[in-house]
Amino acid sequence: MVALTIVLILVTQYVPFLSVFSTLACGIPMGTMAARNGMKGIVPAIIAVFLVAILVTGTFLSAVSVVLMAVVPGTTAGYVLGKKKGFFSALFATCTAVCVGWLFELFVLYAFVGNGIDDLFAQTLKMTEEMMKPLTESFSQAGITIGNMSGEEFVGAFIESIGKTFRLYFPSIIIMSSVFEGYLIMRVCAFVIKRTKVADVAIVPFSEMKATRSMCFVGILCYLIGFFAGVESVFGAVIANAVFILYALIGICGLSLVDYKLKGAIKSAWGRFGIYFAVFIFGSFLMSFVTMALIILGVLDSSRDFRNVGEQME
């Protein structure tokens, strides 16, 4: 399994269009091994992968990234699935492994390169400013003003607003990115483990994921508290992030309900994904309305249970 992992790292490292699949693919062999043998021999295998990955990728930091963001989460998913702890237990464990990997990678990056979170913010804002530079120049040349501000002043204020929002919701961005990545890793590992008959694992389809009543109640309560607390204090910032995370999860469950209803007309999961992607790309100006609609659907489904799937996430 170590050799297969190294082969996958090599392929995803040197074949450009496959590099985006490195996080999903490179953890599968270790996950399969963990599902079959438990933790027996896993730690030495991961160390061996890490040492060879340094030679393959050429840098210590790249090897750390591969191990933390692919191999360890894949191993975690395989181990929990192999122990038959349940789909959502495996999902929680995998997402936690990804989140810890993100945080540890940021720590390693700061320790070895000196780039911390502030540098990450600065780079992101600089990229945003560069992307908007043509718009700023066209505004200046045309003499267009927005309110009492010139084009450059407006863009500057806009970027400053983005910076404040990014800093406020950075914990939520890390957590939700970990949820998305962890879900994909866990699903791929579960699929491979089940098809290779290493273990019999139960997979809950995306179209049957449902928010719990308690999740929705806490989300609404946090929203009301945050409305009065503001975001200036540490407490307010914590509540704002809690609302972001809970509403994002509830919105995902709302999308799951839409997927369940749409599955009857469009059998292909890739076809349905194409529709969602098209709505996201071409309907971006309506995203606030779409997001709110999905959250409302998620809240209603938590109490009405339109699909009769029960309290799966309890």
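In what follows, the accompanying structure is described.

1. Focus: the packing of helix α3 (residues 28-37) against helix α4 (residues 42-57)
For step 1, the next point in the chain: Contact geometry for α3 and α4: axes closest at 11 Å, N-to-C directions at 170°. Put simply, α3 runs roughly antiparallel to α4. Touching M30, M33 and A34 of α3 are I42, A45 and I46, all from α4.
For step 2, the next point in the chain: Its residues placed into classes, the contact of α3 with α4 shows six nonpolar, no polar and no charged.

2. Overview of the side chain of R272
For step 1, the next point in the chain: Looking at the secondary structure, you find R272 in helix α12 (residues 269-282).
For step 2, the next point in the chain: The class of R272 is buried, set by a relative accessible area of 6%.

3. Let's talk about a nonpolar patch on the surface
For step 1, the next point in the chain: Where nonpolar side chains cluster on the molecular surface, the patch consists of M39, V43, I47, L51, V52 and Y79 and spans about 500 Å² of accessible area.
For step 2, the next point in the chain: Looking at the nonpolar patch, the element that brings in the most residues is α4, giving four residues.
For step 3, the next point in the chain: Looking at the element boundaries, I47 is found in helix α4.

4. Here we look at the state of the cysteines
For step 1, the next point in the chain: The tally for this structure, following the rule as stated, stands at zero disulfides.
For step 2, the next point in the chain: Among the cysteines around C216, which has no disulfide bond, C253 carries the closest sulfur, lying 7.7 Å off.
For step 3, the next point in the chain: Residue C216 is classed as buried on the basis of its relative accessible area of 4%.

5. Digging into the packing of α4 against helix α5 (residues 60-82)
For step 1, the next point in the chain: In the contact formed by α4 and α5, the axes pass within 8 Å of each other and the chain directions differ by 145°. Between α4 and α5 lies a crossing whose hand is right-handed. Residues I42, I46, V49, F50, A53, I54 and T57 of α4 pack against F60, S62, A63, V64, V67, V71 and T75 of α5.
For step 2, the next point in the chain: Considering only residue class, the contact of α4 with α5 consists of 11 nonpolar, three polar and no charged.

Criteria and cut-off values
Residues numbered from 1 in each chain as written. Predicted model: local features only at pLDDT ≥ 70, side-chain atom pairs only at ≥ 80, totals over all residues. Heavy atoms only, no water. Axes fitted to C-alpha atoms, helices over the stretch in contact; angles between N-to-C directions. Helix = DSSP H or I, 4+ residues; strand = E, 2+ residues; numbered from the N terminus. Parallel < 35°, antiparallel > 145°, perpendicular 65-115°, else oblique. Contact = heavy atoms within 4.5 Å. Nonpolar A, V, L, I, M, F, W, Y, C, P; charged D, E, K, R; others polar. Buried < 20%, exposed > 50% of the residue type's maximum accessible area, 1.4 Å probe, protein only. Patch = residues over 30% accessible without salt bridge, like charges linked within 9 Å, V, L, I, M, F, W, Y side chains within 5 Å. Areas by Shrake-Rupley, 256 points an atom, 1.4 Å probe, with all protein chains shown as cover. Salt bridge = Lys/Arg side-chain N within 4 Å of Asp/Glu carboxyl O. Disulfide = S-S within 2.5 Å. Left-handed = near helix turned anticlockwise from the far one by under 90°.

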